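Remarks on the overall topology
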Amino acid sequence: MLDLKIIQERYEEMSTPDLIKLSKNPKDIREDVLPILKAELLKRGKKDDALALFDFHENGSELNYQDLSLKEIRQMVQDRVNSGESMESIKIDLKENGIDVFEILKEDHQFQEKVFHSITQMKQDGATSIEIDEHLEKAYNLEKADAVKLKSDLKIKGKRNKNIGFALILVSFIIGSYIIIKDDRYKGLLKCVALMVTGFSLYIIGTKQEKD
């Protein structure tokens with residue numbers, strides 16, 4: 001079975017008339033390839049031919065977005081956005097096929113946070129980068145490129161958490177000092193202490209996340 005990247009490159013090299021001719025027989029095209037062909041047609045301004053690819057299932061095709069994995073749907077959406085199709089058009093198309101874009105984004109965020117927690121824990125336990133990559137591949141079926149990106153995103157998140165944590169510590173210290181000097185509003189002071197604790201927590205978490 002040909003890799004989708006190779007198929008995409010072939011479509012990019014084909015003439016527009018050949019692509020249109022190919023799109024007239026969608027039943028002969030693999031279901032996971034259809035979004036790539038549609039994206040290429042859209043990129044060349046052939047919107048009617050592209051949209052027709054996703055209409056033919058009403059006449060008996062077995063095209064079913066429900067059979068696609070979350071990763072395949074995300075890739076399809078990304079390909080279509082890159083080709084110039086509006087997000088609104090994509091959302092309508094997916095909704096008509098029983099796919100909720102917001103649910104996809106929610107699941108994607110939950111998955112990312114789960115992986116982030118796993119990486120952070122392994123870093124804390126002293127695991128090497130290679131060990132982390134192997135774990136991500138076995139536990140989450142992530143390719144090396146995906147693992148590298150997630151680790152990079154985690155570092156960025158860690159740096160952001162450190163900055164937010166440091167800012168909270170600084171603000172709580174300044175406000176707390178003012179309260180102690182000016183009056184004895186202990187309730188306000190307790191809030192400052194809580195803010196400082198939150199800041200320290202975020203700073204510590206960010207340090208772990210940012211760790212190589």
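None of the values given here were measured: they were computed from a predicted structure.

Conventions used here
- Residues numbered from 1 in each chain as written.
- Predicted model: local features only at pLDDT ≥ 70, side-chain atom pairs only at ≥ 80, totals over all residues.
- Heavy atoms only, no water.
- Core = buried A, V, L, I, M, F, W, Y, C linked by side-chain atoms within 4.5 Å.
- Buried < 20%, exposed > 50% of the residue type's maximum accessible area, 1.4 Å probe, protein only.
- Helix = DSSP H or I, 4+ residues; strand = E, 2+ residues; numbered from the N terminus.
- Contact = heavy atoms within 4.5 Å.
- Salt bridge = Lys/Arg side-chain N within 4 Å of Asp/Glu carboxyl O.
- pLDDT = per-residue confidence, 0-100.

This part covers the nonpolar core. Counting 12 residues, the largest nonpolar core is built from Ile-7, Tyr-11, Leu-19, Ile-29, Val-33, Leu-34, Ile-36, Leu-37, Leu-41, Leu-42, Ala-50 and Leu-53. Here this core gets 5 residues from one element, more than from any other, and that element is helix H3 (residues 34-43). Discounting chain neighbours no more than four positions away, the residues touching Ala-50 are Lys-38, Leu-41 and Leu-42. Val-115, Met-122, Leu-150 and Leu-154 belong to the second-largest nonpolar core, a separate cluster that totals 11 residues.

Looking at the element boundaries, Phe-116 is found in helix H7 (residues 101-124). Distance from Phe-116 to Gln-209, taken between C-alpha atoms, is 8.1 Å for residues 93 residues apart in sequence. Each residue touching Phe-116, except ones within four places of it in the same chain, is listed here: Leu-150, Asp-153, Leu-154 and Lys-157.

Taken as a whole and judged by the stated rule, the model has 8 salt bridges. For the salt bridge of Glu-40 with Lys-43, the shortest nitrogen-to-oxygen distance reads 3.1 Å. Residue Glu-40 and its partner Lys-43 are both found in helix H3; the two are separated by 3 residues, about one turn of the helix. The buried category is assigned to Glu-40, whose relative accessible area is 6%. On the accessibility criterion, Lys-43 (48% relative accessible area) is partly exposed. For the salt bridge of Arg-44 with Glu-40, the shortest nitrogen-to-oxygen distance reads 2.9 Å.

Turning our eyes to something else, we now look at the environment of Pro-26. Turning to its location among the elements, Pro-26 is positioned in the loop between helix H2 (16-23) and H3. As a C-alpha pair, Pro-26 and Leu-37 span 11 residues in sequence and 9.8 Å in three-dimensional space.

A large share of H3 lies buried, amounting to 9 of its 10 residues. For H3, every residue scored as buried is listed here: Leu-34, Pro-35, Ile-36, Leu-37, Lys-38, Ala-39, Glu-40, Leu-41 and Leu-42. Backbone geometry just downstream of H3 places Gly-45 in the positive-phi region, at approximately 80°.

Within the secondary structure, Lys-151 is located in helix H9 (residues 144-182). By relative accessible area, which is 14% here, Lys-151 ends up buried.

Taken as a whole, the chain shows an average pLDDT of 79; of its residues, 81% reach a score of 70 or greater. Mean pLDDT across the elements of the chain ranges from a minimum in helix H5 (residues 70-82), with 71, to a maximum in H2, with 88. Residue range residues 57-63 is modelled with pLDDT below 50. Its contacts to residues more than four positions away, or to other chains, number 9 contacts.

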